[in-house]
Amino acid sequence: MESVNIKELNDRIQRESAFVDMLSLEMGKVIVGQKRLVENLLIGLLANGHILLEGVPGLAKTLAISTLSQAIDARFSRIQFTPDLLPADLVGTMIYSQKDERFEVHKGPVFANFVLADEINRSPAKVQSALLEAMQERQVTIGDETFKLPEPFLVMATQNPIEQEGTYPLPEAQVDRFMLKVVVSYPAKEEEKQIIRMNNSGAFPKASPVVKPEDIVRAREVVRDVYMDEKIERYIVDIVYATRTPGDYGLGKLKDLISFGGSPRASISLAMAAKAFAFIRRRGYVIPEDVRAVCDEVLRHRIGLTYEAEAENVTTEQIISEVINAVQVP
(Lines give C-alpha, C1' and ligand atoms only; values in the text may rest on other atoms or scores of the structure.)
Protein backbone atom coordinates (compact mmCIF):
# COMPACT_ATOMS: atom_id res chain seq x y z
CA MET A 1 0.00 0.00 0.00
CA GLU A 2 2.78 2.38 1.02
CA SER A 3 4.72 1.81 -2.23
CA VAL A 4 1.56 2.70 -4.22
CA ASN A 5 1.18 5.89 -2.20
CA ILE A 6 4.83 6.77 -2.82
CA LYS A 7 4.31 6.21 -6.55
CA GLU A 8 1.24 8.48 -6.55
CA LEU A 9 3.14 11.08 -4.53
CA ASN A 10 6.11 10.87 -6.90
CA ASP A 11 3.85 11.48 -9.91
CA ARG A 12 2.22 14.43 -8.14
CA ILE A 13 5.61 15.97 -7.24
CA GLN A 14 6.81 15.48 -10.84
CA ARG A 15 3.82 17.56 -12.00
CA GLU A 16 3.92 20.20 -9.26
CA SER A 17 7.69 20.78 -9.38
CA ALA A 18 7.85 21.49 -13.13
CA PHE A 19 8.13 25.24 -12.43
CA VAL A 20 11.43 24.75 -10.52
CA ASP A 21 13.32 24.20 -13.79
CA MET A 22 11.70 27.31 -15.32
CA LEU A 23 12.65 29.39 -12.28
CA SER A 24 16.26 28.14 -12.32
CA LEU A 25 16.47 28.82 -16.06
CA GLU A 26 15.20 32.40 -15.69
CA MET A 27 17.60 33.11 -12.81
CA GLY A 28 20.43 31.55 -14.83
CA LYS A 29 19.91 34.24 -17.51
CA VAL A 30 20.92 36.94 -15.02
CA ILE A 31 23.00 35.17 -12.35
CA VAL A 32 26.22 33.65 -13.65
CA GLY A 33 27.29 30.55 -11.71
CA GLN A 34 26.28 30.71 -8.01
CA LYS A 35 24.20 27.52 -8.43
CA ARG A 36 24.41 26.86 -4.69
CA LEU A 37 23.01 30.32 -3.90
CA VAL A 38 20.11 29.93 -6.37
CA GLU A 39 19.33 26.44 -5.01
CA ASN A 40 19.30 27.70 -1.42
CA LEU A 41 17.01 30.59 -2.36
CA LEU A 42 14.58 28.05 -3.81
CA ILE A 43 14.87 25.83 -0.70
CA GLY A 44 14.13 28.81 1.58
CA LEU A 45 11.21 29.82 -0.62
CA LEU A 46 9.65 26.34 -0.78
CA ALA A 47 10.29 25.49 2.88
CA ASN A 48 8.80 28.81 4.05
CA GLY A 49 12.05 29.87 5.73
CA HIS A 50 14.29 32.93 5.68
CA ILE A 51 17.89 33.17 4.52
CA LEU A 52 20.95 34.88 5.94
CA LEU A 53 23.62 35.49 3.30
CA GLU A 54 27.21 36.16 4.17
CA GLY A 55 29.74 37.25 1.59
CA VAL A 56 32.01 40.09 0.57
CA PRO A 57 30.41 42.94 -1.44
CA GLY A 58 29.77 42.48 -5.16
CA LEU A 59 28.84 38.78 -5.25
CA ALA A 60 25.30 39.30 -6.69
CA LYS A 61 23.47 38.81 -3.38
CA THR A 62 21.06 41.70 -4.06
CA LEU A 63 20.76 40.76 -7.74
CA ALA A 64 19.83 37.16 -6.85
CA ILE A 65 16.76 38.02 -4.76
CA SER A 66 15.56 40.83 -7.08
CA THR A 67 15.84 38.40 -10.03
CA LEU A 68 13.87 35.76 -8.08
CA SER A 69 11.09 38.28 -7.38
CA GLN A 70 10.96 39.24 -11.10
CA ALA A 71 10.72 35.58 -12.12
CA ILE A 72 7.87 35.04 -9.64
CA ASP A 73 6.07 38.28 -10.52
CA ALA A 74 6.09 39.25 -6.86
CA ARG A 75 6.60 42.46 -4.91
CA PHE A 76 10.21 43.14 -3.94
CA SER A 77 11.61 45.71 -1.53
CA ARG A 78 15.17 46.44 -0.54
CA ILE A 79 15.97 48.01 2.81
CA GLN A 80 19.47 49.37 3.36
CA PHE A 81 20.16 48.95 7.07
CA THR A 82 22.04 51.88 8.60
CA PRO A 83 22.84 52.88 12.22
CA ASP A 84 20.16 55.64 12.15
CA LEU A 85 17.34 53.40 10.87
CA LEU A 86 14.20 53.25 13.07
CA PRO A 87 11.68 50.40 13.40
CA ALA A 88 9.02 52.70 11.86
CA ASP A 89 11.19 53.01 8.70
CA LEU A 90 10.85 49.26 8.36
CA VAL A 91 7.30 48.31 9.40
CA GLY A 92 5.50 51.63 8.91
CA THR A 93 3.89 54.18 11.19
CA MET A 94 0.74 56.20 11.97
CA ILE A 95 0.54 59.55 10.16
CA TYR A 96 -2.00 62.24 11.08
CA SER A 97 -4.25 63.31 8.21
CA GLN A 98 -5.42 66.91 8.65
CA LYS A 99 -8.06 66.45 5.95
CA ASP A 100 -9.75 63.48 7.68
CA GLU A 101 -8.70 64.61 11.18
CA ARG A 102 -7.50 61.14 12.13
CA PHE A 103 -4.40 58.96 12.14
CA GLU A 104 -3.82 56.80 9.07
CA VAL A 105 -1.60 53.75 8.80
CA HIS A 106 1.30 54.00 6.38
CA LYS A 107 2.78 50.57 5.75
CA GLY A 108 6.55 50.22 5.52
CA PRO A 109 8.73 48.36 2.99
CA VAL A 110 8.45 45.09 4.96
CA PHE A 111 5.02 44.63 3.30
CA ALA A 112 6.37 42.83 0.25
CA ASN A 113 6.75 39.21 -0.88
CA PHE A 114 10.54 39.42 -0.99
CA VAL A 115 12.40 41.66 1.43
CA LEU A 116 16.12 42.20 1.10
CA ALA A 117 17.59 43.39 4.40
CA ASP A 118 20.92 44.70 3.14
CA GLU A 119 23.72 44.64 5.74
CA ILE A 120 21.39 43.74 8.61
CA ASN A 121 24.27 43.99 11.11
CA ARG A 122 24.62 47.74 10.44
CA SER A 123 21.44 48.68 12.32
CA PRO A 124 20.78 48.71 16.09
CA ALA A 125 19.06 45.88 17.99
CA LYS A 126 15.65 47.62 18.04
CA VAL A 127 15.43 47.58 14.22
CA GLN A 128 16.81 44.05 13.95
CA SER A 129 14.20 42.76 16.41
CA ALA A 130 11.38 44.56 14.52
CA LEU A 131 12.34 42.68 11.36
CA LEU A 132 12.83 39.38 13.20
CA GLU A 133 9.37 39.71 14.77
CA ALA A 134 7.85 40.19 11.32
CA MET A 135 9.78 37.12 10.10
CA GLN A 136 8.61 34.93 12.97
CA GLU A 137 5.00 36.06 13.39
CA ARG A 138 4.36 36.90 9.69
CA GLN A 139 2.48 39.95 10.93
CA VAL A 140 3.20 43.53 11.97
CA THR A 141 1.50 45.72 14.60
CA ILE A 142 1.26 49.44 13.81
CA GLY A 143 -0.47 51.47 16.51
CA ASP A 144 -3.22 49.19 17.82
CA GLU A 145 -3.82 47.40 14.51
CA THR A 146 -2.21 44.13 13.41
CA PHE A 147 -1.61 43.46 9.72
CA LYS A 148 -0.81 40.13 8.08
CA LEU A 149 2.20 40.09 5.77
CA PRO A 150 1.66 38.94 2.16
CA GLU A 151 2.20 35.32 1.09
CA PRO A 152 4.74 34.14 0.09
CA PHE A 153 7.00 36.13 2.43
CA LEU A 154 10.76 35.65 2.28
CA VAL A 155 13.42 37.72 4.01
CA MET A 156 16.95 37.53 2.71
CA ALA A 157 19.34 39.35 5.01
CA THR A 158 22.94 40.00 4.01
CA GLN A 159 25.93 40.66 6.19
CA ASN A 160 29.48 41.55 5.34
CA PRO A 161 32.04 39.29 7.09
CA ILE A 162 35.05 41.59 6.59
CA GLU A 163 33.97 44.88 8.15
CA GLN A 164 33.18 44.82 11.83
CA GLU A 165 33.49 48.55 12.58
CA GLY A 166 30.16 50.22 13.29
CA THR A 167 28.23 46.95 13.18
CA TYR A 168 25.79 45.36 15.61
CA PRO A 169 26.25 41.58 15.31
CA LEU A 170 23.02 39.58 15.43
CA PRO A 171 22.59 37.70 18.74
CA GLU A 172 22.57 33.89 18.50
CA ALA A 173 18.87 33.71 19.43
CA GLN A 174 18.00 35.99 16.51
CA VAL A 175 20.31 34.29 14.01
CA ASP A 176 18.45 31.06 14.88
CA ARG A 177 15.32 32.54 13.24
CA PHE A 178 16.93 32.15 9.82
CA MET A 179 16.34 28.72 8.36
CA LEU A 180 19.53 28.85 6.27
CA LYS A 181 22.83 30.67 6.46
CA VAL A 182 24.49 30.68 3.05
CA VAL A 183 28.12 31.68 2.58
CA VAL A 184 28.56 33.11 -0.91
CA SER A 185 31.95 32.52 -2.51
CA TYR A 186 33.80 34.12 -5.42
CA PRO A 187 32.92 32.98 -8.97
CA ALA A 188 35.27 30.78 -11.03
CA LYS A 189 37.56 32.45 -13.61
CA GLU A 190 35.37 31.47 -16.60
CA GLU A 191 32.25 32.71 -14.80
CA GLU A 192 33.93 36.02 -13.99
CA LYS A 193 34.84 36.49 -17.68
CA GLN A 194 31.18 35.94 -18.54
CA ILE A 195 30.13 38.49 -15.88
CA ILE A 196 32.47 41.11 -17.41
CA ARG A 197 31.08 40.41 -20.90
CA MET A 198 27.46 40.67 -19.73
CA ASN A 199 28.06 43.97 -17.93
CA ASN A 200 30.04 45.49 -20.81
CA SER A 201 27.53 44.51 -23.51
CA GLY A 202 25.13 47.30 -22.48
CA ALA A 203 22.12 44.97 -22.79
CA PHE A 204 21.92 43.40 -19.33
CA PRO A 205 19.47 40.43 -19.33
CA LYS A 206 16.29 40.57 -17.25
CA ALA A 207 14.24 37.72 -15.85
CA SER A 208 10.68 37.29 -17.16
CA PRO A 209 7.80 36.31 -14.86
CA VAL A 210 7.27 32.54 -15.16
CA VAL A 211 5.49 31.78 -11.85
CA LYS A 212 2.76 33.48 -9.83
CA PRO A 213 3.01 33.97 -6.01
CA GLU A 214 -0.02 31.68 -5.52
CA ASP A 215 1.89 28.87 -7.31
CA ILE A 216 4.58 29.12 -4.62
CA VAL A 217 1.99 29.01 -1.82
CA ARG A 218 0.51 25.86 -3.40
CA ALA A 219 3.96 24.30 -3.88
CA ARG A 220 4.69 24.80 -0.15
CA GLU A 221 1.69 22.61 0.69
CA VAL A 222 3.04 19.92 -1.64
CA VAL A 223 6.52 20.16 -0.05
CA ARG A 224 4.94 19.39 3.34
CA ASP A 225 3.48 16.21 1.80
CA VAL A 226 6.89 14.90 0.70
CA TYR A 227 7.29 11.54 2.45
CA MET A 228 9.83 11.31 5.25
CA ASP A 229 10.45 7.87 6.76
CA GLU A 230 10.86 7.45 10.51
CA LYS A 231 14.48 6.33 9.91
CA ILE A 232 15.22 9.70 8.24
CA GLU A 233 13.60 11.53 11.18
CA ARG A 234 15.84 9.55 13.54
CA TYR A 235 18.85 10.43 11.37
CA ILE A 236 18.02 14.16 11.61
CA VAL A 237 17.58 13.96 15.40
CA ASP A 238 20.90 12.07 15.71
CA ILE A 239 22.74 14.75 13.70
CA VAL A 240 21.34 17.56 15.87
CA TYR A 241 21.94 15.60 19.10
CA ALA A 242 25.54 14.94 18.06
CA THR A 243 26.10 18.72 18.09
CA ARG A 244 24.78 18.87 21.69
CA THR A 245 26.31 15.74 23.20
CA PRO A 246 29.18 14.77 20.85
CA GLY A 247 30.55 12.27 23.40
CA ASP A 248 27.51 9.98 22.88
CA TYR A 249 28.47 9.60 19.22
CA GLY A 250 32.17 8.89 19.68
CA LEU A 251 33.07 12.53 19.12
CA GLY A 252 34.55 13.30 22.55
CA LYS A 253 37.25 15.47 20.93
CA LEU A 254 34.52 17.99 19.91
CA LYS A 255 33.24 18.42 23.49
CA ASP A 256 35.62 21.30 24.28
CA LEU A 257 35.10 22.95 20.88
CA ILE A 258 31.29 23.32 20.98
CA SER A 259 29.75 25.78 23.46
CA PHE A 260 26.15 24.97 22.39
CA GLY A 261 24.54 22.75 19.76
CA GLY A 262 21.51 22.98 17.49
CA SER A 263 18.09 23.74 19.00
CA PRO A 264 14.84 21.90 18.14
CA ARG A 265 14.40 24.63 15.52
CA ALA A 266 17.49 23.14 13.84
CA SER A 267 15.75 19.73 13.62
CA ILE A 268 12.58 21.30 12.18
CA SER A 269 14.57 23.36 9.65
CA LEU A 270 16.68 20.34 8.66
CA ALA A 271 13.53 18.28 8.00
CA MET A 272 11.79 21.05 6.02
CA ALA A 273 14.90 21.95 4.00
CA ALA A 274 15.48 18.25 3.17
CA LYS A 275 11.87 17.97 1.96
CA ALA A 276 12.28 21.10 -0.19
CA PHE A 277 15.56 19.71 -1.58
CA ALA A 278 13.80 16.43 -2.50
CA PHE A 279 11.02 18.48 -4.17
CA ILE A 280 13.61 20.45 -6.22
CA ARG A 281 15.10 17.08 -7.25
CA ARG A 282 11.52 16.12 -8.23
CA ARG A 283 11.29 13.24 -5.77
CA GLY A 284 8.35 12.41 -3.51
CA TYR A 285 10.43 11.07 -0.62
CA VAL A 286 13.49 12.17 1.39
CA ILE A 287 16.74 10.20 1.28
CA PRO A 288 19.81 10.66 3.58
CA GLU A 289 21.65 12.54 0.76
CA ASP A 290 18.96 15.26 0.91
CA VAL A 291 19.62 15.76 4.63
CA ARG A 292 23.39 15.88 4.12
CA ALA A 293 23.01 18.33 1.20
CA VAL A 294 21.36 20.98 3.43
CA CYS A 295 23.27 20.28 6.68
CA ASP A 296 25.89 23.04 6.27
CA GLU A 297 23.38 25.81 5.55
CA VAL A 298 20.96 24.74 8.32
CA LEU A 299 23.51 24.13 11.08
CA ARG A 300 26.45 26.50 10.51
CA HIS A 301 24.80 29.40 12.41
CA ARG A 302 23.30 27.16 15.09
CA ILE A 303 26.50 25.72 16.55
CA GLY A 304 28.41 27.88 19.01
CA LEU A 305 32.19 27.62 19.07
CA THR A 306 34.26 27.91 22.25
CA TYR A 307 37.30 30.20 22.56
CA GLU A 308 39.40 27.04 22.30
CA ALA A 309 37.89 26.24 18.87
CA GLU A 310 38.50 29.80 17.67
CA ALA A 311 42.10 29.66 18.92
CA GLU A 312 42.62 26.44 16.95
CA ASN A 313 40.91 27.94 13.86
CA VAL A 314 38.22 25.25 13.91
CA THR A 315 35.16 26.21 11.83
CA THR A 316 31.54 25.12 12.26
CA GLU A 317 31.76 23.50 8.80
CA GLN A 318 34.55 21.20 10.08
CA ILE A 319 32.42 20.25 13.09
CA ILE A 320 29.38 19.55 10.86
CA SER A 321 31.57 17.40 8.61
CA GLU A 322 32.82 15.38 11.63
CA VAL A 323 29.24 14.94 12.87
CA ILE A 324 27.94 13.74 9.48
CA ASN A 325 30.80 11.26 9.18
CA ALA A 326 30.17 9.91 12.70
CA VAL A 327 26.36 9.59 12.68
CA GLN A 328 25.13 6.29 11.29
CA VAL A 329 23.31 6.63 7.96
CA PRO A 330 19.96 4.76 7.83
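Being a predicted model, the structure only gives us computed values, none of them experimental.

Visitor: So what exactly am I meant to see when it comes to the overall build of the chain here?
Guide: A tally of regular secondary structure across the chain gives 14 helices and eleven strands. Principal axes of the C-alpha set define a box for the chain whose edges measure 70 × 50 × 50 Å. The buried share of the chain, reckoned over its 330 residues, is 50%. Of the contacts formed within the chain by residues at least 6 apart in sequence, a portion of 79% connects residues at least 24 apart. When the accessible surface of the chain is split by element, carbon and sulfur atoms take 51% of a total near 16,300 Å². Measuring between centres, the 39 positive side-chain charges of the chain sit 4 Å from its 47 negative side-chain charges.

Visitor: Honestly, the nonpolar core in this entry has me stumped. Any pointers?
Guide: The biggest cluster of nonpolar side chains holds 78 residues, and the ones touching the most others in it are F19, L68, I72, I239, L270, F279 and V291. For this core, the element with the highest residue contribution is helix α11 (residues 264-280), accounting for eleven residues. Discounting residues that sit within four places of it in the chain, V291 has contacts with I232, Y235, I236, I239, L270, A274 and V286. Among the nonpolar cores identified, the runner-up in size contains 28 residues, and L90, A117, V127 and V175 belong to it.

Visitor: Whenever I open this one, the sheet that holds strand β8 (residues 154-159) confuses me. Can you help?
Guide: By way of backbone hydrogen bonds, the strands of a sheet pair with one another, either parallel or antiparallel. Reading across the sheet, the five strands line up as β2-β5-β8-β1-β9 and stay open at both edges, with parallel pairing between neighbours. On the outer flanks of this sheet lie β2 (76-80) and β9 (180-183), each paired with one strand and no other. Looking at each pair of strands side by side, their axes are set apart by 20° on average, direction ignored. Against the sheet, helix α4 (residues 61-72) touches β1 (51-54), β2, β5 (114-118) and β8, its axis set at about 170° to β5.

Visitor: Just to check I follow, could you spell out unusual backbone geometry for this structure?
Guide: Trans peptide bonds make up most of the peptide bonds, and negative phi angles are found at most residues other than glycine. With an omega of -10°, the peptide bond between E151 and P152 qualifies as cis. Summarising the element assignment, P152 is placed in the loop between β7 (145-148) and β8. Within the chain, N48 stands out as a residue other than glycine whose phi angle is a positive 60°. Here N48 is to be found in the loop between α3 (35-46) and β1. A residue is classified by how much of its surface remains accessible, and N48, at 26% relative accessible area, is partly exposed.

Visitor: Can you help me understand the layout of surface pockets in this one?
Guide: Left-over empty space is what a probe sized like a water molecule reveals as it rolls over the atoms. Here the largest pocket is characterised by a volume of approximately 680 Å³. Of all the elements in the fold, those that place two or more residues in the lining of the largest pocket are β1, α7 (172-175), β10 (258-260), β11 (304-305) and α14 (316-326). Per-class residue counts for the lining of the largest pocket are nine nonpolar, ten polar and seven charged. Together, 17 residues line the second largest pocket, and N48, G49, Q136, R138 and M179 are the ones closest to its centre. For the lining of the second largest pocket, the secondary-structure elements that each account for two or more residues are α6 (125-137) and α11. When residues in the lining of the second largest pocket are grouped by element, the largest group, four residues, is from α11.

Visitor: What is the right way to read the pairing of β8 from this model?
Guide: Buried residues dominate β8, accounting for six of its six residues. Here β8 shows a buried face lined by L154, M156 and T158 and a second buried face lined by V155, A157 and Q159. Sheet analysis places β1 next to β8, joined by four bridges and oriented parallel. Paired with L52 across the two strands is A157, which belongs to β8.

Visitor: How do you make sense of the pattern of salt bridges when you look at a structure like this?
Guide: Oppositely charged side chains can form a pair if their charged atoms are brought close together. Within the structure shown, the criterion is met by 20 salt bridges. The closest approach of N and O atoms between D21 and R282, which form a salt bridge, is 3.1 Å. Separated by 261 residues along the polypeptide, D21 in helix α2 (residues 18-30) and R282 in the loop between α11 and α12 (288-299) bring together distant segments of the chain. Residue R282 is classed as partly exposed on the basis of its relative accessible area of 23%. Between R36 and E39 there is a salt bridge whose closest N-O contact spans 3.6 Å. One end of the pair, R36, and the other, E39, are both in helix α3, three residues apart, so they sit about a helical turn from each other. Look at the salt bridges and you will find they share partners, linking R36, E39, R281 and E297 into a network.

So, how was this worked out
Residues numbered from 1 in each chain as written. Predicted model: local features only at pLDDT ≥ 70, side-chain atom pairs only at ≥ 80, totals over all residues. Heavy atoms only, no water. Helix = DSSP H or I, 4+ residues; strand = E, 2+ residues; numbered from the N terminus. Buried < 20%, exposed > 50% of the residue type's maximum accessible area, 1.4 Å probe, protein only. Contact = heavy atoms within 4.5 Å. Areas by Shrake-Rupley, 256 points an atom, 1.4 Å probe, with all protein chains shown as cover. Lys, Arg positive; Asp, Glu negative; His and termini not counted. Charge placed at Lys NZ, Arg CZ, Asp CG, Glu CD. Core = buried A, V, L, I, M, F, W, Y, C linked by side-chain atoms within 4.5 Å. Pairing = 2+ DSSP bridges. Axes fitted to C-alpha atoms, helices over the stretch in contact; angles between N-to-C directions. 1 Å grid on protein atoms, 1.4 Å probe; cavity = no way out; pocket = protein on both sides within 12 Å on 5 of 7 lines; lining within 4 Å. Points joined across faces, edges and corners; volume = space filled by probe spheres on them. Nonpolar A, V, L, I, M, F, W, Y, C, P; charged D, E, K, R; others polar. Salt bridge = Lys/Arg side-chain N within 4 Å of Asp/Glu carboxyl O.

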